[in-house]
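Breakdown of the fold
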Amino acid sequence: MSSEYITSLFNARSLFSTYVAIPICILGITSELFSVIVFLSLKTFRQNSCAFYLMSMSSFNFIRLLFGVSFNVMSMAFPINWTSVLFYFCRLRTSLIGFSYLSAIICLCLAVIDQYFATCSRPYWQKWSNIKVAHRVTIIITIICMLHAISFLIFFNQLSSSNTATCISSNPTFLQYYVYGYFFTFGTVLPLIAVIFGIMSFRNARTLTTRTNPLIRRELDKQLTVMVLVEICVYVCTYIPFLISNAFSSLNTSYDPVFLAQLNLINAFTFTLFIVTHGNSFFTYVCVSKRFRRQAKYVLYDIYINRCRQNRIVPNHVEIQIVIDSGR
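Residues numbered from 1 in each chain as written. Predicted model: local features only at pLDDT ≥ 70, side-chain atom pairs only at ≥ 80, totals over all residues. Heavy atoms only, no water.

**Brief notes about the overall build of the chain**
The cut-off we apply is this: Strands are runs of DSSP state E lasting at least two residues, helices are runs of H or I lasting at least four, and both sets are numbered from the N terminus onward. For each residue, the accessible area found with a 1.4 Å probe, counting protein chains only, is set against the maximum for its type, and the residue is called buried under 20%, exposed over 50%, and partly exposed in between. Here, residues are in contact when the closest pair of their heavy atoms is within 4.5 Å. Reported accessibility uses the Shrake-Rupley method at a 1.4 Å probe radius. Residues are deemed covered only where the shown protein chains occlude them.
On a plain count of helices and strands, the chain comes out with twelve helices and two strands. With 328 residues in all, the chain has 45% of them scored as buried. Taking the contacts inside the chain whose residues are at least 6 apart along the sequence as the reference set, 80% of them involve residues at least 24 apart. When the accessible surface of the chain is totalled, it reaches about 17300 Å², and 68% of it is carbon and sulfur.

Next up, the structure:
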């Protein structure tokens, strides 16, 4: 009876991953790619420090989804043995995932803090909302996160027996740091800081109409404030379930097959929410900001799609002209 129950749980996990997790992963990769394209295509965003942080966050999320989450989703959906493929790639991939995750959450915090500076009434704090400062801070954060990711390259030295697409650490000390320091500290303290500054940014944004700032700048600050506030809310709501289940799985010492099958099914649900954590930016911005919807339509449709259509039409005209000239 227990073997049939375990098999049914495994099949439910596989079906859920195939029809829910994989489409969400594809949408998440598309979402982060579209966000980067929109932020890079408009001068308004390229010259704004908060938008630069959001663009950097989307870039890191795209790396994590493409090189990390996609492999995990495929291993949940299909019984693929990745051992021969990922044994030597395991450490490098895990290091890249750790680097992109930490960089993304720090960039999100910096975006919220930057928006607080931008909406602050004191000129001293406003000067810190600067694109040059954003470039320098992002470079420093990237270097620090790369150095931190070296520890993953060293200590994540074997493949998991339950999921051969996932690396685990055989060092108990580093495992304690990974659970309590990496996930609990960075995963809770940094979002908490972002929430605090987000609330203060919202209070500042309500007073923007009474200031003498240019109208375009006020509208942009309001737009970005709403975007980062909703982004951090989505992050907190989708990350907490994964944080709990992942920490429980990492510290679990039970080898009961029924319990492990139940835990794997729960992890599939929470991991799917985790995909939304790092793959929601474009769709979130489109839903909460009417101005961003117009900007996204202009970039994706008016610029790129129409340009592709023109590139397809122009050769036909050239060909017709050549035929006419040759007929003469």
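**Digging into helix H3 (residues 49-77)**
Test applied: The length a helix should cover is 1.5 Å for every residue beyond the first. What is called the bend at a residue is the angle between a pair of axes, fitted to the seven residues leading up to and ending at it and to the seven starting from it.
The terminal C-alpha atoms of H3, which comprises 29 residues, lie 40 Å apart, in line with the 42 Å expected from a rise of 1.5 Å per residue. The largest bend along H3 reaches roughly 40° and is located at Leu65. With 22 of 29 residues buried, H3 is to be regarded as a mostly interior element.

**Topic: the packing of aromatic side chains**
Working definition: an aromatic ring pair is given by the centre-to-centre distance plus the angle between the planes. So the rule is basically this: Pairs were defined over the aromatic rings of Phe, Tyr and Trp, the Trp ring being its six-membered one, requiring ring centres within 6.5 Å. Orientation was assigned from the angle between planes: stacked under 30 degrees, edge-to-face over 60, tilted for the rest.
Tallying each qualifying case throughout the model produces 29 aromatic pairs. On the basis of an interplanar angle of 50° and a centroid distance of 6.3 Å, the ring pair of Tyr239 and Phe242 is categorised as tilted. Of the two residues, Tyr239 and Phe242 are both situated in helix H9 (residues 215-251); the distance of three residues between them amounts to about one turn of the helix.

**Brief notes about the packing of helix H5 (residues 90-119) against helix H8 (residues 172-205)**
Definition in use: Axis definition: a line fitted to C-alpha atoms, over the contacting stretch in the case of helices. Angles run 0 to 180 degrees between N-to-C directions. Angle categories: roughly parallel below 35 degrees, roughly antiparallel above 145, roughly perpendicular from 65 to 115, and oblique for all the rest. Here a crossing is taken to be left-handed if its near helix is turned anticlockwise relative to the far helix by less than a right angle, and right-handed if that turn runs clockwise. Think of it as three bins: nonpolar holds Ala, Val, Leu, Ile, Met, Phe, Trp, Tyr, Cys and Pro, charged holds Asp, Glu, Lys and Arg, and polar takes everything else, Gly as well.
Running from N to C, H5 and H8 cross one another at 20°; their axes reach a closest spacing of 8 Å. Between H5 and H8, the interaxial angle falls into the category roughly parallel. Crossing hand, H5 versus H8: left-handed. For the contact of H5 with H8, the residue count by class is 18 nonpolar, seven polar and no charged.

**Examining the confidence of the model for the chain**
What counts is decided by this rule: Each residue carries a pLDDT value, the predictor's own confidence for that position, ranging from 0 to 100.
Looking at the chain as a whole, its pLDDT mean stands at 82, while 85% of the residues score no less than 70. For the chain, helix H4 (residues 83-86) is the element with the lowest average pLDDT, namely 54, and helix H11 (residues 281-288) is the one with the highest, namely 93. Long-range and interchain partners of residues 316-328, a stretch whose pLDDT sits below 50, account for zero contacts in this model, where long-range means more than four residues apart.

**Overview of the side chain of Thr94**
Here Thr94 shows up in helix H5. Overall, the relative accessible area of 11% leaves Thr94 in the buried class. Discounting chain neighbours no more than four positions away, the residues touching Thr94 are Phe152, Phe156 and Cys167.

**Thoughts on the environment of Ser121**
By the element assignment, Ser121 lies in the loop between H5 and helix H6 (123-126). Take Ser121: its relative accessible area is 54%, and that puts it in the exposed class. Remark: the alpha-carbon pair of Ser121 and Thr207, spanning 86 residues in sequence, is separated by 9.0 Å.

**Regarding the packing of helix H1 (residues 2-41) against H11**
Two elements in contact, H1 and H11, have axes separated by 6 Å at closest approach and are oriented at 65°. Compared by their axis directions, H1 and H11 come out roughly perpendicular. Taken together, the residues of H11 that come into contact with H1 (itself represented by Leu27, Ser31, Glu32, Phe34, Ser35, Val38 and Phe39) are Ser281, Phe282, Phe283 and Tyr285. For the contact of H1 with H11, the residue count by class is seven nonpolar, three polar and one charged.

**Some remarks on the pattern of salt bridges**
As a reminder, the rule being used: Salt bridges are identified by distance alone: a Lys or Arg side-chain nitrogen within 4 Å of an Asp or Glu carboxyl oxygen.
For the structure on display, the rule yields one salt bridge. For the salt bridge of Asp302 with Lys297, the shortest nitrogen-to-oxygen distance reads 3.8 Å. A residue is classified by how much of its surface remains accessible, and Asp302, at 31% relative accessible area, is partly exposed.

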